[in-house]
Amino acid sequence: DLPCLWYRMDEGDGDIATFFYYLGIAAKTASPGRRKPLPLLTPEYFGAVSVFAQRYFENLCARLTPPFVIVFDDYHKIPMASPFHEAFRDGLSRISAGIHVIIASRADPPPAFAGMIANNRMRIISSDELFLTFEESKKIARIAGKSSLSVEQIKAVHDMTRGWAAGLILMAKSMRSGGNPPERLDRFIPSELFDYFSGEVFDAMDESTRAFLLKAAFLPKMTPFMAQTLTGHAHADRIVSFLKHNYLFIEQFSASMTMYQFHPLFREFLISRAEEILTPEQTSELRRQAALLLKESNQIEDAVELLFEIGDLRSLIPILYEQAQPLLTQGRSRTLEQWLERLPEEILEEHPWLLYWLGVSYLLHIASAKAQEFFEKALRLFDARRDTAGLYLAWAGVVDSIVNEWNYFTMLDPWIAWMDDHPLSEHVLPSPEIEARAATSM
């Protein structure tokens, strides 16, 4: 019954600015009375991320009333080589009394946490300690098996699963249907779980529900409305509610809005089955529609990933145009850079604004020479297309790249001459900010 902030992590949090951005949103929900939001990790803090993380966690704790628990779930999804771990460790060092942090992960702590473990500031609850005792297994198996399993059967399942909760429940349900537990635990692998999903869950449903699931699975996260829109099923909310209340591999994870997601294994099974039944054109269209629904619900990262997956650049490029400036404002230039780097070169060459934003992201990460290359390419395209705003912003980017490189300042000579030939006074720019940007660089 303790108040709690539950933060589900994913690969995107490897970009530290993304992590602080979404944690700030979660903190606002946990302490709605605080009007001033937590700070964003914008470029001016990049040189002192450790200090920023410490102050951020101090600020976060000040908003929470002890006793309070903060949970960071799925920590294993953060890439091991990410600098995130050091910043996160430094932030944790400022957790105040009465605030407790639980980190859930399928992997051992990264090396950055060694000092905290050695100084007893962090305790590891290993998988061995999380295994169920026989008495716990008996009670859970009786619930899962609707009290139809004998003590001997439960003991056999407990010994085979060694107290692994998910395996115990799956096997208990399977045995309830007349099956026998496998002779060896190492043979109870995902393919067998797929067989279970098919025989015990999917095939037991009516045709309408199966058709709904095969389509809804293309949404990593969904509201009933999103599921209804994608599948065309008028009673999507009823199906999702039925699955949740019967513990059929779906969970609700957002209190502020009714958001659901399938268990990862069950979703993988559904997509695999969909790809067997539907044509490649149908599955690609489902992914495209799912991406657009995710975009409309502001789940931008999932939308972008789906569009990259199917290669739908026609739908992807407008999203990149829309998100470039907001991502930079949020300090998430690394995320923008990673997206743009995945685009084919011929696509970048056709879209000067994408070249420009890639140059900006490189410039923010002190890769000035690479930034200058993209700014120059963008400038040539802007000039050919008579895009005045882009032209002067790209010129300013070139100048800033040379100055940041702090090397041969004679490289500025042709760009000073360029401005002499293209004076700002001869053009009407879309905004005074663009004019100020170019004037400042001059």
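Everything that follows concerns the structure shown earlier in this document.
Quick notes on the rules
- Residues numbered from 1 in each chain as written.
- Predicted model: local features only at pLDDT ≥ 70, side-chain atom pairs only at ≥ 80, totals over all residues.
- Heavy atoms only, no water.
- Axes fitted to C-alpha atoms, helices over the stretch in contact; angles between N-to-C directions.
- Helix = DSSP H or I, 4+ residues; strand = E, 2+ residues; numbered from the N terminus.
- Parallel < 35°, antiparallel > 145°, perpendicular 65-115°, else oblique.
- Left-handed = near helix turned anticlockwise from the far one by under 90°.
- Contact = heavy atoms within 4.5 Å.
- Pairing = 2+ DSSP bridges.
- Expected span 1.5 Å × (residues − 1).
- Buried < 20%, exposed > 50% of the residue type's maximum accessible area, 1.4 Å probe, protein only.
- Salt bridge = Lys/Arg side-chain N within 4 Å of Asp/Glu carboxyl O.
- Patch = residues over 30% accessible without salt bridge, like charges linked within 9 Å, V, L, I, M, F, W, Y side chains within 5 Å.
- Areas by Shrake-Rupley, 256 points an atom, 1.4 Å probe, with all protein chains shown as cover.
- Right-handed = clockwise from strand over helix to strand, strands pointing away.

Draft legend 1. Fine view of the packing of helix α20 (residues 368–384) against helix α21 (residues 388–405). Put simply, α20 and α21 touch, their axes get as near as 8 Å, and they point 160 degrees apart. Viewed along their axes, α20 and α21 adopt a mutual orientation that is roughly antiparallel. Regarding α20 and α21, the two cross each other, and that crossing is left-handed. On α21, the residues that touch S368, A369, A371, Q372, F375, E376, A378, L379, F382 and D383 of α20 are G390, L391, A394, W395, G397, V398, S401, I402, N404 and E405.

Draft legend 2. Fine view of the sheet that holds strand β1 (residues 4–8). On the basis of which strands lie adjacent, the open sheet formed by three strands has the order β1-β2-β3 and parallel pairing. Two strands lie at the open edges of the sheet, namely β1 and β3 (99–103), each paired on one side alone. Ignoring which end each strand starts from, the neighbouring axes of this sheet average 15 degrees apart. As defined by bridge partners, β1 adjoins strand β2 (residues 68–73) across five bridges and the pair is classed as parallel. Bridge pairing in β2 links R8 to D73. Strands in contact with helix α1 (residues 16–30) are β1 and β2; relative to β1, the strand with the most contacts, it is inclined by about 150 degrees.

Draft legend 3. View of helix α2 (residues 49–62). Under the 1.5 Å per step criterion, the end-to-end length of α2 is 20 Å for 14 residues, consistent within 8% with the ideal 20 Å. Those residues of α2 that fall on the buried side of the exposure criterion are V49, F52, A53, Q54, Y56, F57, L60 and C61. Considering only its buried residues, α2 is in contact with β1, α1, β2, α3 (84–92) and β3.

Draft legend 4. Looking closely at the pattern of salt bridges. Taken as a whole and assessed by the stated rule, the structure comprises 21 salt bridges. Across the pair R94 and E58 runs a salt bridge, and its minimum N-O distance is 3.6 Å. Here R94, found in the loop between α3 and β3, pairs with E58, found in helix α2; they are 36 residues apart in sequence, far enough to count as distant. Classification of R94 as partly exposed rests on a relative accessible area of 34%.

Draft legend 5. Highlighting the environment of F197. Along the polypeptide, F197 turns up in helix α9 (residues 190–202). Given the relative accessible area of 1%, F197 is considered buried. Sequence separation between F197 and Y392 is 195 residues; the distance between their C-alpha atoms is 58 Å.

Draft legend 6. Highlighting a nonpolar patch on the surface. A cluster of nonpolar residues, V403, W406 and F409, forms a patch on the protein surface that exposes about 320 Å² of accessible area. As for its position among the elements, W406 is in the loop between α21 and α22 (413–421). Relative accessible area serves as the criterion here: at 65%, W406 is assigned to the exposed category.

Draft legend 7. Main features of the pairing of β3. Here β2 runs beside β3; their pairing, made up of five bridges, is parallel. Note on β3: the bridge partner recorded for V69 is H100. For the handedness criterion, the β-α-β arrangement of β2, α3 and β3 is classed as right-handed.

Scope: geometric values only; no functional claims are made or implied.
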